[in-house]
Amino acid sequence: MNSGRYDTEVIVIGAGQAGLSCAFYLRRLGLEPGAEFLMVDRGPGTGGAWQFRWDALRLGSAHKVNDLPGMGELGLSFDTADRQLPAKDVVADYYRRYEQHYDLRVERPTSVTRVENDAADLAVNLSGPSGDRRLITKMIVNATGTWGSPFVPWYPGMDKFGGRHVHTADYRSAEEFAGQNVIVVGGGTSAIGFLMEMEEVAANLTWVSRTPIEWLHDQNLTLEAAVTAVSAQDEAARAGNALPSIVSGTGIPRTRRIQAAIDRGLLTPHPMFTRIEPDGVRFPDGSFAPADAIIWATGFRPELRHLAPLKLREKAGGITVGANASWKDPRIFFAGYGPTASTIGANRAGRAIARQVVASLSRMS
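Residues numbered from 1 in each chain as written. Predicted model: local features only at pLDDT ≥ 70, side-chain atom pairs only at ≥ 80, totals over all residues. Heavy atoms only, no water.

Draft legend 1. Seen up close, the pairing of strand 2 (residues 37-40). Both faces of strand 2 are covered, namely the face carrying F37 and M39 and the face carrying L38 and V40. Where the polypeptide runs from strand 1 (residues 8-13) across helix 1 (residues 17-28) and back to strand 2, its parallel neighbour, the crossover connection is right-handed. (Buried < 20%, exposed > 50% of the residue type's maximum accessible area, 1.4 Å probe, protein only. Helix = DSSP H or I, 4+ residues; strand = E, 2+ residues; numbered from the N terminus. Right-handed = clockwise from strand over helix to strand, strands pointing away.)

This is the structure in structure tokens:
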């Protein structure tokens, strides 16, 4: 490690796409992994949030997974990956080979429990297999994503429901719901994927969405829709507001598979129910749908609890981020937050953040 007061110059929290992208460029700009910068990840294995995805999910059936910078050097690309294997296995394998090739020395499973000020520096409290420890650093790149912070909206009667509440983060396979009445809540690709997977398995499926579904005429996400989504995220981040979902700005492409499901009546959303009863849900018009399980495909919130001692959060619910850094504390960079919260901008942000970090370190020396 570095001499003097610091244990390491920079700590990168999270080894998903955004974190690995930052690490690649930090290494390219001359920082030594494991010494001048340290990567930690709470997951037990490689793959970021993908390692926790459900078994039936395949590449191509979800949002596009972009290649990491420098992945071509390994002869790998998600564009040519096996579409028959579970997506979580493919991503985990490619990320593992990537980390090894570039010797990124990711420490896992290690959780960051708390980040706080230590005089003019940052103290990062870690918890891992070897116990708890505290490291002093100059800067942090927060690339924790959202998977660790699932969001479930509250509705009257939730605690009285006699069946199962299942969030996207807990969904494993359609077989869990064989012969059951299932309510799927959500207006994104996860909800649609669950419905199609359970179509021949569940006894009855009811799809409800809190907002109208915006179907795109195209089979793929258009550049215009992507730019619109990124702009909305950037505007919210700069204002310190809670971040909108990516899908709210892009809409849902009508792939051939999705269009076929629409045509046969599977993908017909109902308006949101008003309350949950012990054996089902009640809709605004008084009608009732029985339920053994409610699947909440209602998204996630940024995982930022470990940063709470720094008091970065605004009253509007978000963190004000501009040019990839906190406006309240320029020592904290955000990768995978706001406009970089999806594969649309994570790689570009990795390069930009690495350059900013190295420039800031140069000014400090």
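Draft legend 2. Seen up close, the sheet that holds strand 12 (residues 275-277). Read from one edge of the open sheet, three strands run 12-13-14, paired in antiparallel fashion. If you trace the sheet from one side to the other, it starts and ends with strand 12 and strand 14 (288-290), each paired once. On average, adjacent strands in this sheet sit at an angle of 25° to one another, irrespective of strand direction. (Pairing = 2+ DSSP bridges. Axes fitted to C-alpha atoms, helices over the stretch in contact; angles between N-to-C directions.)

Draft legend 3. Representation of helix 3 (residues 189-198). Where burial is concerned, most of helix 3 is hidden: nine out of the ten residues are buried. Among the residues of helix 3, S190, A191, I192, G193, F194, L195, M196, E197 and M198 are the ones counted as buried. Of the surrounding secondary structure, the elements contacted by the buried residues of helix 3 are strand 7 (181-185), strand 8 (204-209), strand 9 (215-216), strand 10 (252-253), helix 6 (256-263) and strand 15 (293-296). (Contact = heavy atoms within 4.5 Å.)

Draft legend 4. Looking closely at empty space enclosed by the protein. Applying the stated rule across the entire model yields one cavity of 30 Å³ or more. Roughly 40 Å³ of volume is contained in the largest cavity. Lining the largest cavity, in full, are N142, T144, G145, P302, E303, L304, F334, A335, G336 and Y337. (1 Å grid on protein atoms, 1.4 Å probe; cavity = no way out; pocket = protein on both sides within 12 Å on 5 of 7 lines; lining within 4 Å. Points joined across faces, edges and corners; volume = space filled by probe spheres on them.)

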